[in-house]
Amino acid sequence: MRTSRLRTVHPVLWAGWAALAAGAVLCAVGWYGVSGERYAERQLPYLASCTIPGAALIIAGAVLLAQGRGSVAAARVEELHGLLVAAEPAGTEETGRAALAPLAVSGDLLMVPGGTLWHRADCPLVAGKAEAVPVDSKLVASGELDPCPICEPAEETD
């Protein structure tokens, strides 16, 4: 699936690259024409017909590239959202999150040093992390740590 997305290039990106290339060619032709003329009145036609439109095409190409990359990023976000929605269990739309089984059920509580949340030991956010340490009950009691919204650990600590 990922390779098929990489092979397709957004048409706005193609237009942006084409405008940049055409603008660069026009600027080069304009520069070459101006450099061959000694008098300013003979240089003005090259400026008017090549260099100024070339600069405008370069600016338009840069704008198209920026717009095209933004739309590609938005399409990727939509694709990821679709995958996330497709991965939800059936029936979550009607019942909501309260009816789902908890993600973590362990009684052991962990935290990551420097973090702001405390978690159950089998929470997906800390499971398998070597830097996770047992929760200090003083930090929880002082309110410096909040319970994880993913695993929803119990309020009381050991």
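Residues numbered from 1 in each chain as written. Predicted model: local features only at pLDDT ≥ 70, side-chain atom pairs only at ≥ 80, totals over all residues. Heavy atoms only, no water.

Side note on the overall build of the chain
Right, on to step 1. In terms of helices and strands, the chain carries five helices and four strands.
Right, on to step 2. The buried share of the chain, reckoned over its 158 residues, is 19%.
Right, on to step 3. Across the chain, contacts joining residues at least 24 apart in sequence account for 60% of those joining residues at least 6 apart.
Right, on to step 4. For the chain, the computed accessible surface area is about 11,000 Å², with 65% contributed by carbon and sulfur atoms. (Helix = DSSP H or I, 4+ residues; strand = E, 2+ residues; numbered from the N terminus. Buried < 20%, exposed > 50% of the residue type's maximum accessible area, 1.4 Å probe, protein only. Contact = heavy atoms within 4.5 Å. Areas by Shrake-Rupley, 256 points an atom, 1.4 Å probe, with all protein chains shown as cover.)

So, the environment of Lys-129
Right, on to step 1. Structurally, the position occupied by Lys-129 is in the loop between β2 (117-120) and β3 (133-134).
Right, on to step 2. Residues Lys-129 and Val-112, 17 residues apart in the sequence, show an inter-C-alpha distance of 8.6 Å.

Looking at the sheet that holds β3
Right, on to step 1. Here four strands make up an open sheet; going across it, the order is β3-β1-β2-β4 and the pairing mixed. Each having just a single partner strand, β3 and β4 (146-147) make up the two edges of the open sheet.
Right, on to step 2. Bridging between strand β1 (residues 109-111) and β3 involves two bridges; their strand directions are antiparallel. Along β3, the bridge assignment pairs Leu-110 with Pro-134. (Pairing = 2+ DSSP bridges.)

Details of the state of the cysteines
Should the sulfur atoms of two cysteines be covalently bonded, the bond is a disulfide.
Right, on to step 1. The final tally for this structure, using the stated rule, is zero disulfides.
Right, on to step 2. Cys-27 carries a free sulfur, and the closest cysteine sulfur to it, the one in Cys-50, is 8.9 Å from it.
Right, on to step 3. With relative accessibility at 22%, the residue Cys-27 sits in the partly exposed group. (Disulfide = S-S within 2.5 Å.)

Some details on the pattern of salt bridges
Right, on to step 1. As enumerated under the stated definition, the model contains one salt bridge in all.
Right, on to step 2. Close ionic contact of Glu-37 with Arg-42 constitutes a salt bridge, the shortest N to O distance being 3.7 Å.
Right, on to step 3. Classification of Glu-37 as partly exposed rests on a relative accessible area of 22%. (Salt bridge = Lys/Arg side-chain N within 4 Å of Asp/Glu carboxyl O.)

Regarding the confidence of the model for the chain
Right, on to step 1. Averaged over every residue, the pLDDT of the chain is 77; the share at 70 or more is 77%.
Right, on to step 2. When the elements of the chain are averaged for pLDDT, helix α1 (residues 2-7) gives the smallest value, 49, and helix α2 (residues 11-35) the largest, 89. (pLDDT = per-residue confidence, 0-100.)

Focus on the pairing of β2
Right, on to step 1. When β1 meets β2, the two strands line up antiparallel, connected through three bridges. By the bridge assignment, Leu-110 is partnered in β2 with His-119.
Right, on to step 2. Joining the antiparallel neighbours β1 and β2 is a turn of five residues, in which Gly-114 adopts a positive phi near 90°.

Some thoughts on the environment of Ala-22
Right, on to step 1. Here Ala-22 is to be found in helix α2.
Right, on to step 2. Taking the C-alpha atoms as reference points, Ala-22 and Leu-57, 35 residues apart in sequence, are found 7.0 Å from one another.

With respect to α2
Right, on to step 1. Helix length check: α2 (25 residues) gives 36 Å between terminal C-alpha atoms against 36 Å at 1.5 Å per residue, within 8%.
Right, on to step 2. For α2, the complete set of buried residues consists of Leu-13, Gly-16, Ala-19, Gly-23, Gly-30, Gly-33 and Val-34. (Expected span 1.5 Å × (residues − 1).)

Some remarks on the environment of Ser-71
Right, on to step 1. For Ser-71, the location among the structural elements is in helix α3 (residues 40-87).
Right, on to step 2. Owing to a relative accessible area of 23%, Ser-71 belongs among the partly exposed residues under this scheme.

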